[in-house]
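# Overview (structure and organization)
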Amino acid sequence: MLNEHKACKLDSRKRTSVPSTQQRLEIPNAPFPKGCKHSLVRSPLNTMTPRINAAVPGADQYFPVNIPPIGTSYSKDEYPQNANLPQLFRPITLKGTTFKNRIFTSPMCQYSSDNGHATDWHFVHIGALATRGVGAITMEATSVVPEGRISPQDAGLWTDSQIAPLKRIVNFVHAHDTKIGIQLSHAGRKASTLPPWIHDRFAKIDPTAPSAARNDEDGWLGSVYGPSATAHSPTYPLPRESTEEDLLRIEDAFLQSVERAKAAGYDYIEIHGAHGYFIHEFLSPIANERTDHYGGSLENRMRFPLRLIKKVREAWDKPLFVRISATDWAEGPEQENGVWKYWGIEQSKILVGELAKIGIDLLDCSTGGVYYKQKIPVGPLYQVPFAQAVKEAYPALVVGAVGLITTPQQAESVLEDGKADLVFLGRELLRNPNFALTAALELGTVIKPANQYERAWTRLYKPKH
Ligand SMILES: Cc1cc2nc3c(=O)[nH]c(=O)nc-3n(C[C@H](O)[C@H](O)[C@H](O)COP(=O)(O)O)c2cc1C
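Here's what I pulled together on the structure shown here. (Residues numbered from 1 in each chain as written. Predicted model: local features only at pLDDT ≥ 70, side-chain atom pairs only at ≥ 80, totals over all residues.)

Turning next to the site of the ligand. Residues in contact with the ligand amount to 20 residues; listed here are only the nearest, Ser106, Met108, Ala141, Gly426 and Arg427. Listing elements by their share of the shell around the ligand, those giving two or more residues are strand S6 (136-143) and helix H12 (427-431). Across the shell around the ligand, the residue classes break down as 9 nonpolar, 7 polar and 4 charged. (Near = placed C-beta within 6 Å. Helix = DSSP H or I, 4+ residues; strand = E, 2+ residues; numbered from the N terminus. Nonpolar A, V, L, I, M, F, W, Y, C, P; charged D, E, K, R; others polar.)

So this is what it looks like as structure tokens:
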């Protein structure tokens, strides 16, 4: 008996000998290995579950394997209430990559990078999400050049030494069967600014306090550029107008960052085309005052963003997301007497049509950020109508909704009503990284918590007929 157990004991150093989660799930009726009756049990799922705390195959450390993966729903045979899965927990496949549910983490700057390098803050922050069941994690705006960072402590992917700390995070997230992407960005004229928690302290006392990070505050005033030489607001850096050489250099930097994203192992890339940063600045008549072939007409304003995204598409064969701001929230009509006054949903729809032709896989629909006097009617689901308008215009394109989606019912209703295909959550996941699990509880679905946290989620495991 002892020998038998010894013989079939899985050596943790030979982790590759453990079948993958997928393999195990695909062999429901596999026989017990010869002479090893006691080392495996048939779970209620009729899958082969080892009676050892098996390791994630191929992972660079020992992590207990989760069957099924964290955040996926159990079979309806075991939990009848799962027969009619909420939309939130239905997997979605984009360009051959399957996301286990439709709760996506919105990119969120952490202002915590060390000269653009991810640190253990990022590892803990992102790792916490990966162990709690979200379908995907989009890492924060990550600049393709140093001067494209929003704040001095923003993330970057402009040099090879930035790959390793990101790869470590990606590997951990993958070991927990979660997809992870990176948002590639350039802040344009909104670069070289103070992190919000620094600036906001001063702005509370004096609303005219500079947002700009001076050079003695680790900023790079004098090296900030946008489409035009006008500042975002009186408290922001004064940019210079970017040249043709700048644009070609930035395109090249995006492509180099794409190669680094490949090396880090990301599952998808999101291009940051929103929130008043470089790409959005080209699109919006508010920020783009150019008179050359990059300014003026809609076709001209879209020229650089579309050329850039097309090049990224050609270089990246995994899912490609693009985040846009669908409106500048400026006063008056978007178009007057045939002139586009600011960026809005009508131009957004035209842009998205072009992006669809380029072959993007998902449109992440946000708003605002370019106009410093913007008046946003902030409230639950306030940006969803824009996602809905895009979805209605391009039903075949996968659309993500974002913005004050804070309850499972809200998120589920957006998907059920067909207003979007998935949701991006930002601040709610900062408050509650367990959103997927609490949503499952509230919506009456049984999903897998991490093995290590199962005892905190026993309420989930109640079969209901
Ligand atoms: C701390 C913080 C950092 C953010 N950083 C980014 C970012 O890097 N890129 C981006 O596109 N949006 C960023 N956003 C916007 C969020 O992704 C999201 O669109 C916004 O917060 C609205 O969604 P929510 O109501 O679910 O938070 C950030 C938001 C917060 C709160």
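Next comes the rest of the write-up.
The topology assignment puts Lys373 in the loop between strand S15 (362-366) and helix H10 (384-393). Residue classification places Lys373 among the exposed residues on the basis of 10 C-beta atoms within 10 Å. Taking C-alpha positions, Lys373 is 8.6 Å from Trp329, a pair spaced 44 residues apart along the chain. (Buried ≥ 20, exposed ≤ 12 C-beta atoms within 10 Å, placed from the backbone.)

What follows covers unusual backbone geometry. A cis geometry characterises the amide bond from Ile67 onward to Pro68, with omega recorded as -10°. Of note, Asp177 is a non-glycine position whose phi angle comes to about 55°, a positive value. Position of Asp177 relative to the elements: it lies in the loop between helix H4 (163-175) and strand S8 (179-185). Residue Asn337 is not a glycine yet carries a positive backbone phi of 50°. Take Asn337: it is sitting in the loop between strand S13 (335-336) and strand S14 (339-340). Of the residues examined, Asn337 has 6 C-beta atoms within 10 Å and is grouped as exposed.

Along helix H3 (residues 120-130), the residues classified as buried are His122, His125, Ile126, Leu129 and Ala130. Seen from one end, H3 has its buried residues packed into an arc of 140°, which puts them on one side. Along H3, the residues that are exposed and aim more than 90 degrees away from the buried face are Asp120, Val124 and Ala128. In this structure, the buried side of H3 is in contact with strand S5 (103-105), S6, H4 and H12. (Arc of directions from axis to C-beta. Contact = placed C-beta atoms within 7 Å.)

Turning our eyes to something else, we now look at the packing of H4 against helix H6 (residues 244-264). Packing of H4 against H6 brings their axes to within 8 Å, and their N-to-C directions diverge by 45°. By the angle between their directions, the pair H4 and H6 is classed as oblique. Of the two elements, H4 crosses H6, and the hand of that crossing is right-handed. Residues Ile163, Leu166, Lys167 and Val170 of H4 form the contact with H6, whose participating residues are Arg260, Ala263 and Ala264. Taken together, the residues of the contact of H4 with H6 sort by class into 5 nonpolar, no polar and 2 charged. (Axes fitted to C-alpha atoms, helices over the stretch in contact; angles between N-to-C directions. Parallel < 35°, antiparallel > 145°, perpendicular 65-115°, else oblique. Left-handed = near helix turned anticlockwise from the far one by under 90°.)

What follows deals with the pairing of strand S11 (residues 268-273). Within S11, 6 of the 6 residues are buried, which leaves it mostly tucked inside the rest of the structure. Alternating residues of S11 divide into Tyr268, Glu270 and His272 and Ile269, Ile271 and Gly273, and every residue in both groups is buried. Bridging between S8 and S11 involves 4 bridges; their strand directions are parallel. Residue Gln183 lies in a different strand from S11, and its bridge partner there is Glu270. With 5 bridges joining them, S11 and strand S12 (residues 320-325) adopt parallel strand pairing. Its bridge partner being in S12, Ile269 is matched across the sheet by Leu320. (Pairing = 2+ DSSP bridges.)

The next thing to look at is the pairing of S6. Most of S6 is tucked away: 8 of the 8 residues are buried. Pairing analysis gives 2 bridges linking S5 to S6, with the strands arranged parallel. The residue of S6 that forms the bridge with Phe104 is Ala136. Both S6 and S8 contribute to a ladder of 7 bridges, which runs parallel. Looking across to S8, one finds that Thr142 is bridged to Leu184. With 2 bridges connecting them, S6 and strand S7 (residues 155-156) associate as parallel partners.

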